[in-house]
Amino acid sequence: MASSLSCSASDLTPLLGSAATNLNTTLLADFLCSRFTAISTRFTETTYAVDNTYLLFSAYLVFAMQLGFAMLCAGSVRAKNTMNIMLTNVLDAAAGGLSYYLFGFAFAFGAPSNGFIGRHFFGLNDYPSPAGDYSFFLYQWAFAIAAAGITSGSIAERTQFVAYLIYSSFLTGFVYPVVSHWFWSADGWASPTRPDDLLFGSGAIDFAGSGVVHMVGGIAGLWGALIEGPRIGRFDRAGRSVALRGHNASLVVLGTFLLWFGWYGFNPGSFLTIVKAYGDRGSYYGQWSAIGRTAVTTTLAGSTAALTTLFGKRLLVGHWNVLDVCNGLLGGFAAITSGCSVVEPWAAIVCGFVAAWVLIGCNKLAEKVKYDDPLEAAQLHGGCGAWGLIFTGLFATERYVNEVYSGRPGRPYGLFMGGGGKLLGAQVVQILVVLGWVTVTMGPLFYGLHKLKLLRISDEDETAGMDLTRHGGFAYVYNDEDEASGKPEFMMRRVGPTDDDSPCP
(Lines give C-alpha, C1' and ligand atoms only; values in the text may rest on other atoms or scores of the structure.)
Protein backbone atom coordinates (compact mmCIF):
# COMPACT_ATOMS: atom_id res chain seq x y z
CA MET A 1 0.00 0.00 0.00
CA ALA A 2 2.83 2.37 0.81
CA SER A 3 4.55 1.76 -2.53
CA SER A 4 1.47 2.90 -4.44
CA LEU A 5 1.71 6.33 -2.76
CA SER A 6 5.48 6.81 -2.92
CA CYS A 7 6.99 9.58 -4.97
CA SER A 8 10.11 11.68 -5.36
CA ALA A 9 10.73 15.29 -6.28
CA SER A 10 12.37 14.22 -9.53
CA ASP A 11 9.12 12.51 -10.54
CA LEU A 12 6.96 15.58 -9.94
CA THR A 13 9.28 18.38 -11.09
CA PRO A 14 8.73 17.83 -14.86
CA LEU A 15 4.98 17.88 -14.32
CA LEU A 16 5.14 21.20 -12.44
CA GLY A 17 7.80 22.90 -14.56
CA SER A 18 5.46 25.21 -16.42
CA ALA A 19 3.81 26.44 -13.26
CA ALA A 20 6.69 28.33 -11.67
CA THR A 21 10.42 28.81 -11.56
CA ASN A 22 12.65 25.79 -11.21
CA LEU A 23 13.29 26.59 -7.51
CA ASN A 24 9.60 26.89 -6.70
CA THR A 25 8.84 23.77 -8.69
CA THR A 26 11.36 21.76 -6.71
CA LEU A 27 10.04 23.07 -3.39
CA LEU A 28 6.46 22.29 -4.42
CA ALA A 29 7.43 18.79 -5.50
CA ASP A 30 9.22 18.19 -2.19
CA PHE A 31 6.18 19.40 -0.28
CA LEU A 32 3.74 17.19 -2.22
CA CYS A 33 5.99 14.16 -1.82
CA SER A 34 6.23 14.72 1.92
CA ARG A 35 2.43 14.76 2.10
CA PHE A 36 2.19 11.56 0.07
CA THR A 37 4.77 9.93 2.33
CA ALA A 38 2.87 10.96 5.46
CA ILE A 39 -0.37 9.53 4.03
CA SER A 40 1.39 6.34 3.02
CA THR A 41 2.87 5.94 6.51
CA ARG A 42 -0.52 6.47 8.10
CA PHE A 43 -2.08 3.83 5.83
CA THR A 44 0.70 1.40 6.75
CA GLU A 45 0.22 2.06 10.45
CA THR A 46 -3.53 1.61 10.11
CA THR A 47 -3.02 -1.68 8.30
CA TYR A 48 -0.77 -2.97 11.09
CA ALA A 49 -3.28 -1.83 13.70
CA VAL A 50 -6.24 -3.49 11.99
CA ASP A 51 -4.34 -6.73 11.37
CA ASN A 52 -3.05 -6.91 14.95
CA THR A 53 -6.49 -6.15 16.36
CA TYR A 54 -7.95 -8.92 14.22
CA LEU A 55 -5.28 -11.35 15.42
CA LEU A 56 -5.78 -10.37 19.06
CA PHE A 57 -9.53 -10.91 18.75
CA SER A 58 -8.87 -14.32 17.19
CA ALA A 59 -6.50 -15.15 20.05
CA TYR A 60 -9.22 -14.32 22.55
CA LEU A 61 -11.63 -16.63 20.75
CA VAL A 62 -9.13 -19.48 20.72
CA PHE A 63 -8.36 -18.95 24.39
CA ALA A 64 -12.09 -19.07 25.13
CA MET A 65 -11.95 -22.64 23.85
CA GLN A 66 -10.23 -23.51 27.14
CA LEU A 67 -13.54 -22.82 28.86
CA GLY A 68 -15.17 -25.09 26.32
CA PHE A 69 -12.63 -27.84 27.03
CA ALA A 70 -13.19 -27.42 30.78
CA MET A 71 -16.97 -27.73 30.49
CA LEU A 72 -16.76 -30.63 28.04
CA CYS A 73 -14.29 -32.51 30.24
CA ALA A 74 -16.24 -31.83 33.43
CA GLY A 75 -19.46 -33.14 31.96
CA SER A 76 -17.78 -36.20 30.43
CA VAL A 77 -16.27 -37.55 33.66
CA ARG A 78 -18.01 -38.89 36.74
CA ALA A 79 -18.98 -36.39 39.43
CA LYS A 80 -16.32 -37.67 41.82
CA ASN A 81 -13.55 -36.42 39.51
CA THR A 82 -14.96 -33.05 38.45
CA MET A 83 -12.65 -30.83 40.48
CA ASN A 84 -9.63 -32.79 39.27
CA ILE A 85 -10.38 -32.42 35.56
CA MET A 86 -11.24 -28.73 35.97
CA LEU A 87 -7.94 -28.12 37.74
CA THR A 88 -6.00 -29.84 34.97
CA ASN A 89 -7.59 -27.53 32.41
CA VAL A 90 -6.47 -24.51 34.41
CA LEU A 91 -3.03 -26.07 34.73
CA ASP A 92 -2.73 -26.58 30.97
CA ALA A 93 -3.18 -22.85 30.40
CA ALA A 94 -0.98 -21.71 33.29
CA ALA A 95 1.93 -24.12 32.89
CA GLY A 96 1.68 -23.84 29.11
CA GLY A 97 1.89 -20.06 29.34
CA LEU A 98 5.25 -20.12 31.09
CA SER A 99 6.78 -22.98 29.10
CA TYR A 100 5.69 -21.50 25.77
CA TYR A 101 7.03 -18.07 26.76
CA LEU A 102 10.41 -19.43 27.87
CA PHE A 103 11.04 -22.05 25.20
CA GLY A 104 8.10 -23.01 23.02
CA PHE A 105 7.68 -19.89 20.94
CA ALA A 106 11.41 -19.76 20.19
CA PHE A 107 11.46 -23.41 19.10
CA ALA A 108 8.44 -22.81 16.87
CA PHE A 109 9.07 -19.42 15.25
CA GLY A 110 12.55 -18.31 16.29
CA ALA A 111 13.79 -17.24 12.85
CA PRO A 112 16.26 -17.34 11.25
CA SER A 113 16.72 -21.00 11.99
CA ASN A 114 17.13 -24.42 10.44
CA GLY A 115 14.39 -26.68 9.11
CA PHE A 116 14.03 -28.67 12.35
CA ILE A 117 13.78 -26.17 15.20
CA GLY A 118 13.80 -22.42 15.88
CA ARG A 119 16.61 -20.79 17.88
CA HIS A 120 15.67 -17.17 18.63
CA PHE A 121 13.17 -15.23 20.80
CA PHE A 122 13.66 -17.28 23.99
CA GLY A 123 11.65 -15.48 26.66
CA LEU A 124 10.51 -13.13 23.85
CA ASN A 125 14.00 -11.65 23.72
CA ASP A 126 14.38 -9.25 20.75
CA TYR A 127 10.65 -9.43 20.18
CA PRO A 128 8.52 -7.97 18.61
CA SER A 129 10.31 -7.95 15.29
CA PRO A 130 9.37 -7.17 11.68
CA ALA A 131 8.20 -10.79 11.45
CA GLY A 132 5.58 -10.50 14.18
CA ASP A 133 4.17 -8.70 17.20
CA TYR A 134 2.98 -9.75 20.67
CA SER A 135 -0.43 -10.60 19.25
CA PHE A 136 1.20 -13.38 17.23
CA PHE A 137 2.78 -14.85 20.35
CA LEU A 138 -0.54 -14.79 22.21
CA TYR A 139 -2.33 -16.45 19.32
CA GLN A 140 0.23 -19.24 19.04
CA TRP A 141 0.21 -19.79 22.81
CA ALA A 142 -3.57 -20.31 22.67
CA PHE A 143 -2.98 -23.02 20.06
CA ALA A 144 -0.29 -24.71 22.17
CA ILE A 145 -2.47 -25.03 25.26
CA ALA A 146 -5.29 -26.38 23.10
CA ALA A 147 -3.06 -29.33 22.20
CA ALA A 148 -2.33 -29.93 25.88
CA GLY A 149 -6.02 -29.75 26.71
CA ILE A 150 -6.76 -32.50 24.20
CA THR A 151 -4.30 -34.83 25.91
CA SER A 152 -5.76 -34.27 29.36
CA GLY A 153 -9.09 -35.70 28.24
CA SER A 154 -7.57 -39.03 27.23
CA ILE A 155 -5.98 -39.69 30.62
CA ALA A 156 -8.76 -38.28 32.79
CA GLU A 157 -10.01 -39.86 36.03
CA ARG A 158 -6.87 -41.87 36.83
CA THR A 159 -3.79 -39.65 36.48
CA GLN A 160 -1.68 -38.09 39.21
CA PHE A 161 -1.62 -34.33 39.37
CA VAL A 162 2.18 -34.12 39.07
CA ALA A 163 2.01 -36.05 35.79
CA TYR A 164 -0.28 -33.38 34.34
CA LEU A 165 2.20 -30.69 35.30
CA ILE A 166 5.16 -32.52 33.72
CA TYR A 167 3.52 -33.58 30.48
CA SER A 168 1.77 -30.22 29.93
CA SER A 169 5.02 -28.27 30.27
CA PHE A 170 6.93 -30.69 28.04
CA LEU A 171 4.23 -30.79 25.36
CA THR A 172 3.76 -27.01 25.11
CA GLY A 173 7.44 -26.18 25.61
CA PHE A 174 9.03 -28.66 23.20
CA VAL A 175 6.98 -31.35 21.45
CA TYR A 176 4.26 -29.17 19.97
CA PRO A 177 6.55 -26.23 19.06
CA VAL A 178 8.86 -28.43 17.00
CA VAL A 179 5.90 -29.73 14.98
CA SER A 180 4.54 -26.23 14.44
CA HIS A 181 8.01 -25.14 13.27
CA TRP A 182 8.07 -27.89 10.66
CA PHE A 183 4.74 -26.95 9.08
CA TRP A 184 4.05 -23.31 9.97
CA SER A 185 7.39 -21.52 10.16
CA ALA A 186 8.84 -20.17 6.92
CA ASP A 187 12.03 -22.09 7.80
CA GLY A 188 10.30 -25.42 8.45
CA TRP A 189 11.35 -28.30 6.24
CA ALA A 190 7.75 -29.18 5.26
CA SER A 191 6.21 -25.71 5.39
CA PRO A 192 4.19 -24.50 2.38
CA THR A 193 5.49 -20.96 3.01
CA ARG A 194 9.13 -22.01 2.69
CA PRO A 195 10.87 -19.83 0.04
CA ASP A 196 12.47 -22.78 -1.77
CA ASP A 197 12.95 -26.57 -1.68
CA LEU A 198 9.28 -27.24 -0.93
CA LEU A 199 8.33 -30.79 0.01
CA PHE A 200 7.09 -32.34 -3.28
CA GLY A 201 6.97 -28.81 -4.69
CA SER A 202 4.10 -27.98 -2.38
CA GLY A 203 4.79 -28.40 1.30
CA ALA A 204 2.15 -29.87 3.58
CA ILE A 205 -0.97 -27.70 3.84
CA ASP A 206 -2.21 -27.81 7.42
CA PHE A 207 -3.75 -24.37 7.56
CA ALA A 208 -5.03 -24.28 11.14
CA GLY A 209 -3.71 -27.51 12.61
CA SER A 210 -5.54 -30.78 11.97
CA GLY A 211 -2.11 -32.36 12.29
CA VAL A 212 -0.09 -29.74 14.15
CA VAL A 213 -2.61 -29.31 16.97
CA HIS A 214 -5.19 -32.10 16.88
CA MET A 215 -3.01 -35.04 15.91
CA VAL A 216 -0.27 -33.97 18.33
CA GLY A 217 -2.71 -33.74 21.24
CA GLY A 218 -4.58 -36.89 20.23
CA ILE A 219 -1.51 -39.08 19.78
CA ALA A 220 0.01 -37.84 23.03
CA GLY A 221 -3.22 -38.76 24.77
CA LEU A 222 -3.22 -42.14 23.02
CA TRP A 223 0.15 -43.06 24.50
CA GLY A 224 -0.76 -41.77 27.91
CA ALA A 225 -3.97 -43.80 28.01
CA LEU A 226 -2.31 -46.92 26.63
CA ILE A 227 0.48 -46.86 29.20
CA GLU A 228 -1.90 -46.12 32.08
CA GLY A 229 -4.46 -48.70 31.07
CA PRO A 230 -8.25 -48.43 31.30
CA ARG A 231 -10.15 -47.09 34.29
CA ILE A 232 -11.31 -49.55 36.92
CA GLY A 233 -14.61 -51.04 35.77
CA ARG A 234 -14.32 -49.90 32.15
CA PHE A 235 -14.19 -53.53 30.98
CA ASP A 236 -15.63 -56.48 32.87
CA ARG A 237 -13.85 -59.76 33.58
CA ALA A 238 -15.04 -61.17 30.28
CA GLY A 239 -13.52 -58.22 28.44
CA ARG A 240 -16.83 -56.65 27.53
CA SER A 241 -17.13 -52.89 27.41
CA VAL A 242 -18.91 -51.21 30.33
CA ALA A 243 -20.02 -47.61 29.85
CA LEU A 244 -18.70 -45.23 32.51
CA ARG A 245 -20.84 -42.30 31.49
CA GLY A 246 -20.15 -38.70 32.33
CA HIS A 247 -22.32 -37.14 34.98
CA ASN A 248 -23.65 -34.01 33.23
CA ALA A 249 -24.83 -33.83 29.62
CA SER A 250 -25.66 -30.14 30.05
CA LEU A 251 -22.00 -29.30 30.63
CA VAL A 252 -21.02 -31.35 27.58
CA VAL A 253 -23.42 -29.40 25.37
CA LEU A 254 -22.30 -26.08 26.85
CA GLY A 255 -18.65 -26.97 26.27
CA THR A 256 -19.38 -28.03 22.71
CA PHE A 257 -21.04 -24.72 21.86
CA LEU A 258 -18.15 -22.80 23.44
CA LEU A 259 -15.69 -24.80 21.35
CA TRP A 260 -17.79 -24.16 18.24
CA PHE A 261 -17.68 -20.44 18.97
CA GLY A 262 -13.93 -20.52 19.56
CA TRP A 263 -13.32 -22.38 16.31
CA TYR A 264 -14.18 -19.18 14.45
CA GLY A 265 -10.95 -17.80 15.86
CA PHE A 266 -9.10 -21.07 15.38
CA ASN A 267 -9.69 -21.45 11.64
CA PRO A 268 -10.47 -17.99 10.17
CA GLY A 269 -7.97 -16.40 12.57
CA SER A 270 -5.14 -18.49 11.12
CA PHE A 271 -4.94 -16.07 8.20
CA LEU A 272 -3.22 -13.79 10.78
CA THR A 273 -4.09 -10.67 8.74
CA ILE A 274 -7.28 -9.39 7.17
CA VAL A 275 -6.31 -6.25 5.18
CA LYS A 276 -5.05 -7.87 2.01
CA ALA A 277 -6.53 -7.52 -1.47
CA TYR A 278 -6.18 -10.40 -3.92
CA GLY A 279 -6.56 -7.99 -6.82
CA ASP A 280 -8.01 -10.13 -9.60
CA ARG A 281 -11.73 -10.02 -8.82
CA GLY A 282 -12.41 -6.40 -7.95
CA SER A 283 -12.06 -4.36 -4.80
CA TYR A 284 -14.84 -6.26 -3.05
CA TYR A 285 -12.79 -9.48 -2.95
CA GLY A 286 -9.75 -10.04 -0.77
CA GLN A 287 -8.49 -11.90 2.26
CA TRP A 288 -11.60 -10.80 4.14
CA SER A 289 -13.60 -12.90 1.65
CA ALA A 290 -11.35 -15.91 2.21
CA ILE A 291 -11.83 -15.49 5.97
CA GLY A 292 -15.59 -15.54 5.52
CA ARG A 293 -15.39 -18.62 3.29
CA THR A 294 -13.24 -20.36 5.91
CA ALA A 295 -15.88 -19.71 8.56
CA VAL A 296 -18.49 -21.19 6.21
CA THR A 297 -16.50 -24.36 5.48
CA THR A 298 -15.88 -24.79 9.21
CA THR A 299 -19.59 -24.49 9.93
CA LEU A 300 -20.65 -26.89 7.19
CA ALA A 301 -18.14 -29.59 8.14
CA GLY A 302 -19.13 -29.56 11.79
CA SER A 303 -22.85 -29.45 11.06
CA THR A 304 -22.65 -32.33 8.59
CA ALA A 305 -20.62 -34.44 11.00
CA ALA A 306 -23.14 -33.81 13.78
CA LEU A 307 -26.12 -34.88 11.66
CA THR A 308 -24.27 -37.88 10.24
CA THR A 309 -23.39 -39.03 13.75
CA LEU A 310 -26.95 -38.48 14.91
CA PHE A 311 -28.49 -40.75 12.27
CA GLY A 312 -25.53 -43.13 12.12
CA LYS A 313 -25.67 -43.89 15.84
CA ARG A 314 -29.46 -44.15 15.64
CA LEU A 315 -29.07 -46.94 13.09
CA LEU A 316 -26.28 -48.65 15.06
CA VAL A 317 -27.56 -48.46 18.64
CA GLY A 318 -31.22 -47.54 18.27
CA HIS A 319 -31.45 -44.18 20.04
CA TRP A 320 -30.64 -40.48 19.66
CA ASN A 321 -27.63 -39.54 21.80
CA VAL A 322 -26.71 -35.91 22.34
CA LEU A 323 -23.23 -36.81 23.65
CA ASP A 324 -22.40 -38.69 20.47
CA VAL A 325 -23.69 -35.78 18.39
CA CYS A 326 -21.44 -33.34 20.27
CA ASN A 327 -18.39 -35.51 19.67
CA GLY A 328 -19.31 -35.93 16.02
CA LEU A 329 -19.61 -32.16 15.63
CA LEU A 330 -16.14 -31.66 17.12
CA GLY A 331 -14.75 -34.41 14.90
CA GLY A 332 -15.96 -32.52 11.84
CA PHE A 333 -14.30 -29.35 13.10
CA ALA A 334 -11.01 -31.17 13.77
CA ALA A 335 -11.03 -32.61 10.25
CA ILE A 336 -11.82 -29.39 8.33
CA THR A 337 -9.16 -27.44 10.25
CA SER A 338 -6.43 -28.47 7.79
CA GLY A 339 -8.10 -27.48 4.53
CA CYS A 340 -10.70 -24.95 5.67
CA SER A 341 -9.12 -22.11 3.67
CA VAL A 342 -8.46 -23.96 0.39
CA VAL A 343 -11.61 -26.01 -0.27
CA GLU A 344 -15.04 -25.19 -1.63
CA PRO A 345 -17.99 -25.14 0.79
CA TRP A 346 -19.52 -28.23 -0.83
CA ALA A 347 -16.31 -30.17 -0.15
CA ALA A 348 -16.57 -29.32 3.54
CA ILE A 349 -19.81 -31.32 3.62
CA VAL A 350 -17.89 -34.34 2.30
CA CYS A 351 -15.24 -33.76 4.96
CA GLY A 352 -17.77 -33.71 7.78
CA PHE A 353 -19.63 -36.76 6.52
CA VAL A 354 -16.50 -38.92 6.38
CA ALA A 355 -15.18 -37.52 9.68
CA ALA A 356 -18.29 -38.77 11.48
CA TRP A 357 -17.72 -42.33 10.25
CA VAL A 358 -14.01 -42.11 11.02
CA LEU A 359 -14.89 -41.26 14.62
CA ILE A 360 -17.48 -44.04 14.86
CA GLY A 361 -14.98 -46.52 13.42
CA CYS A 362 -12.18 -45.42 15.75
CA ASN A 363 -14.48 -45.82 18.74
CA LYS A 364 -15.42 -49.33 17.65
CA LEU A 365 -11.74 -50.19 17.27
CA ALA A 366 -10.96 -48.74 20.71
CA GLU A 367 -13.55 -51.05 22.29
CA LYS A 368 -12.10 -54.06 20.47
CA VAL A 369 -8.58 -53.44 21.78
CA LYS A 370 -9.83 -52.40 25.25
CA TYR A 371 -8.57 -48.85 24.95
CA ASP A 372 -10.15 -46.40 27.39
CA ASP A 373 -10.40 -42.70 26.56
CA PRO A 374 -13.08 -40.91 28.63
CA LEU A 375 -13.48 -38.10 26.09
CA GLU A 376 -12.69 -40.04 22.91
CA ALA A 377 -9.91 -37.49 22.45
CA ALA A 378 -7.42 -39.73 20.64
CA GLN A 379 -10.10 -41.05 18.30
CA LEU A 380 -11.64 -37.64 17.69
CA HIS A 381 -8.57 -35.44 17.38
CA GLY A 382 -6.08 -38.05 16.21
CA GLY A 383 -8.31 -40.00 13.82
CA CYS A 384 -10.34 -37.10 12.43
CA GLY A 385 -7.24 -34.90 12.31
CA ALA A 386 -5.47 -37.46 10.11
CA TRP A 387 -8.52 -37.68 7.85
CA GLY A 388 -8.51 -33.88 7.57
CA LEU A 389 -4.96 -33.89 6.22
CA ILE A 390 -5.84 -36.52 3.61
CA PHE A 391 -9.01 -34.62 2.72
CA THR A 392 -6.96 -31.49 1.98
CA GLY A 393 -4.71 -33.46 -0.37
CA LEU A 394 -7.80 -34.62 -2.25
CA PHE A 395 -10.03 -31.53 -2.39
CA ALA A 396 -7.82 -28.40 -2.24
CA THR A 397 -8.68 -26.13 -5.19
CA GLU A 398 -6.10 -24.47 -7.41
CA ARG A 399 -7.42 -20.93 -7.07
CA TYR A 400 -7.69 -20.96 -3.30
CA VAL A 401 -4.28 -22.57 -2.85
CA ASN A 402 -2.68 -19.86 -4.98
CA GLU A 403 -4.52 -17.12 -3.09
CA VAL A 404 -3.66 -18.34 0.39
CA TYR A 405 -0.14 -19.49 -0.47
CA SER A 406 0.72 -16.87 -3.08
CA GLY A 407 4.03 -16.20 -4.79
CA ARG A 408 4.61 -19.60 -6.37
CA PRO A 409 2.51 -20.23 -9.53
CA GLY A 410 1.88 -23.83 -10.49
CA ARG A 411 1.75 -25.10 -6.92
CA PRO A 412 0.21 -28.61 -6.60
CA TYR A 413 -3.35 -28.87 -5.33
CA GLY A 414 -5.96 -31.54 -4.61
CA LEU A 415 -5.88 -34.87 -6.42
CA PHE A 416 -9.64 -34.96 -7.03
CA MET A 417 -9.53 -31.37 -8.28
CA GLY A 418 -7.02 -32.19 -11.02
CA GLY A 419 -3.87 -31.14 -9.20
CA GLY A 420 -2.04 -34.47 -9.16
CA GLY A 421 -0.82 -36.46 -6.19
CA LYS A 422 2.06 -34.33 -4.90
CA LEU A 423 0.04 -32.45 -2.30
CA LEU A 424 -1.54 -35.69 -1.11
CA GLY A 425 1.95 -37.16 -0.79
CA ALA A 426 3.03 -34.23 1.38
CA GLN A 427 -0.05 -34.68 3.55
CA VAL A 428 0.72 -38.38 4.09
CA VAL A 429 4.28 -37.48 5.04
CA GLN A 430 2.93 -35.08 7.66
CA ILE A 431 0.72 -37.79 9.17
CA LEU A 432 3.66 -40.16 9.43
CA VAL A 433 6.15 -37.69 10.89
CA VAL A 434 3.68 -36.31 13.44
CA LEU A 435 2.83 -39.85 14.51
CA GLY A 436 6.53 -40.73 14.77
CA TRP A 437 7.63 -37.55 16.55
CA VAL A 438 4.93 -37.61 19.22
CA THR A 439 5.52 -41.33 19.73
CA VAL A 440 9.27 -41.00 20.35
CA THR A 441 8.84 -38.01 22.67
CA MET A 442 5.61 -38.43 24.62
CA GLY A 443 5.67 -42.23 24.70
CA PRO A 444 8.94 -42.44 26.68
CA LEU A 445 7.82 -39.57 28.92
CA PHE A 446 4.63 -41.35 29.95
CA TYR A 447 6.49 -44.65 30.31
CA GLY A 448 9.10 -43.02 32.53
CA LEU A 449 6.41 -41.48 34.71
CA HIS A 450 4.77 -44.90 34.92
CA LYS A 451 7.99 -46.58 36.04
CA LEU A 452 8.57 -43.87 38.64
CA LYS A 453 5.00 -44.40 39.89
CA LEU A 454 4.15 -40.79 39.09
CA LEU A 455 1.54 -41.48 36.42
CA ARG A 456 -1.46 -43.38 37.79
CA ILE A 457 -3.19 -42.97 41.13
CA SER A 458 -3.85 -45.90 43.47
CA ASP A 459 -6.87 -48.16 43.06
CA GLU A 460 -8.27 -46.86 46.35
CA ASP A 461 -8.06 -43.23 45.23
CA GLU A 462 -9.55 -44.05 41.85
CA THR A 463 -12.48 -45.88 43.40
CA ALA A 464 -13.22 -43.12 45.91
CA GLY A 465 -12.66 -40.35 43.35
CA MET A 466 -9.84 -37.84 43.15
CA ASP A 467 -11.97 -34.92 44.29
CA LEU A 468 -12.22 -36.47 47.75
CA THR A 469 -8.78 -38.06 48.02
CA ARG A 470 -6.64 -35.46 46.24
CA HIS A 471 -8.51 -32.16 46.21
CA GLY A 472 -10.16 -31.86 49.58
CA GLY A 473 -13.78 -32.48 48.73
CA PHE A 474 -16.38 -32.91 46.03
CA ALA A 475 -17.20 -30.34 43.36
CA TYR A 476 -20.87 -30.37 44.31
CA VAL A 477 -21.96 -29.55 47.87
CA TYR A 478 -25.21 -31.25 48.81
CA ASN A 479 -25.51 -29.83 52.35
CA ASP A 480 -24.26 -26.86 54.32
CA GLU A 481 -20.89 -27.95 55.68
CA ASP A 482 -20.66 -24.91 57.96
CA GLU A 483 -23.50 -26.01 60.25
CA ALA A 484 -22.46 -27.16 63.69
CA SER A 485 -24.53 -30.30 63.34
CA GLY A 486 -25.37 -32.35 60.31
CA LYS A 487 -28.88 -32.77 61.65
CA PRO A 488 -31.68 -30.29 60.98
CA GLU A 489 -32.81 -27.92 63.71
CA PHE A 490 -36.25 -29.56 63.88
CA MET A 491 -37.79 -32.70 62.53
CA MET A 492 -41.33 -33.47 61.42
CA ARG A 493 -43.00 -36.41 63.16
CA ARG A 494 -46.30 -38.14 62.65
CA VAL A 495 -49.00 -37.19 65.12
CA GLY A 496 -51.64 -39.84 65.86
CA PRO A 497 -54.58 -40.30 68.29
CA THR A 498 -53.79 -40.98 71.97
CA ASP A 499 -55.79 -42.32 74.96
CA ASP A 500 -55.38 -39.05 76.79
CA ASP A 501 -58.49 -36.94 76.33
CA SER A 502 -56.97 -33.87 77.89
CA PRO A 503 -56.69 -30.90 75.57
CA CYS A 504 -53.32 -29.97 74.14
CA PRO A 505 -51.64 -27.08 75.93
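Residues numbered from 1 in each chain as written. Predicted model: local features only at pLDDT ≥ 70, side-chain atom pairs only at ≥ 80, totals over all residues. Heavy atoms only, no water.

**Brief notes about the overall build of the protein chain**
Each helix and strand in the protein chain was counted, giving 15 helices and zero strands. Here the analysis covers contacts within the protein chain between residues at least 6 apart in sequence; of these, 73% occur between residues at least 24 apart. Accessible surface, the protein chain: about 23100 Å² in total, of which carbon and sulfur atoms supply 65%. (Helix = DSSP H or I, 4+ residues; strand = E, 2+ residues; numbered from the N terminus. Contact = heavy atoms within 4.5 Å. Areas by Shrake-Rupley, 256 points an atom, 1.4 Å probe, with all protein chains shown as cover.)

**Considering the side chain of H181**
Structurally, H181 can be placed in helix α5 (residues 161-184). The exposure class assigned to H181 is buried, which follows from its relative accessible area of 0%. A distance of 2.8 Å separates a polar atom in the side chain of H181 from the backbone oxygen of A108. Of note is the side chain of H181, whose polar atom sits 2.8 Å from the backbone oxygen of N114. Leaving out residues up to four positions away in the same chain, H181 has contacts with F107, A108, S113, N114, G115, F116, I117, G118, D187 and G188. (Buried < 20%, exposed > 50% of the residue type's maximum accessible area, 1.4 Å probe, protein only. Polar contact = N/O pair within 3.5 Å; in protein donor to acceptor, adjacent residues only side chain to side chain.)

**Brief notes about the pattern of salt bridges**
This model, assessed by the stated rule, comprises 11 salt bridges. R42 is the salt-bridge partner of E45, the closest N and O atoms lying 3.5 Å from each other. A residue pair is termed a helical-turn pair when its members lie 3 or 4 positions apart in one helix, as E45 and R42 do in helix α2 (residues 22-76) at three residues. A relative accessible area of 43% means that E45 is categorised as partly exposed. The exposed category is assigned to R42, whose relative accessible area is 55%. When the shortest N-O distance is used, the salt bridge between E462 and R456 registers 2.9 Å. Looking at E462, the relative accessible area reads 3%, which means it is buried. By relative accessible area, which is 21% here, R456 ends up partly exposed. (Salt bridge = Lys/Arg side-chain N within 4 Å of Asp/Glu carboxyl O.)

**Structural notes on the packing of aromatic side chains**
Counted by the stated rule, this structure contains 38 aromatic pairs. Ring geometry for F107 and F122: centres 5.4 Å apart, planes at 85°, overall edge-to-face. Remark: F122 occurs in the loop between α3 (82-109) and α4 (134-154) and F107 occurs in helix α3; sequence separation between them is 15 residues. Accessibility expressed as a relative area gives 16% for F107, which makes it buried. Here the aromatic rings of Y164 and Y167 are separated by 6.0 Å at their centres, their planes lie at 55°, and the arrangement is tilted. (Phe/Tyr/Trp six-rings, centres within 6.5 Å; stacked < 30°, edge-to-face > 60°.)

**Section: helix α6 (residues 210-228)**
For α6, built from 19 residues, the straight-helix expectation of 27 Å at 1.5 Å per residue is met to within 8% by its first-to-last C-alpha distance of 26 Å. Across the 19 residues of α6, 16 count as buried, placing the element largely inside the fold. Among the residues trailing α6, G229 stands out with phi positive, at a value near 90°. (Expected span 1.5 Å × (residues − 1).)

**Focus on the confidence of the model for the protein chain**
Averaged over every residue, the pLDDT of the protein chain is 89; the share at 70 or more is 88%. Taken together, the stretch residues 481-492 has pLDDT below 50 and engages in zero contacts with residues farther than four places along the chain or on a different chain. (pLDDT = per-residue confidence, 0-100.)

**Structural notes on the nonpolar core**
In terms of nonpolar packing, the biggest core is built from 118 residues, with Y176 and V213 touching the most fellow members. With 12 residues, the single largest contributor to this core is α4. The residues touching Y176, leaving out its near neighbours within four places in the chain, are Y100, Q140, F143, A144, A147, L171, W184, V212, V213 and V216. (Core = buried A, V, L, I, M, F, W, Y, C linked by side-chain atoms within 4.5 Å.)

**As for unusual backbone geometry**
With an omega dihedral of -5°, the bond running from A111 to P112 counts as a cis peptide bond. Considering the arrangement of structural elements, one finds P112 in the loop between α3 and α4. Even without a glycine there, the phi angle at F121 is positive, about 70°. Note on placement: F121 falls in the loop between α3 and α4. On the accessibility criterion, F121 (11% relative accessible area) is buried. Although it is not a glycine, D126 adopts a positive phi angle of roughly 60°. Mapped onto the fold, D126 is located in the loop between α3 and α4.

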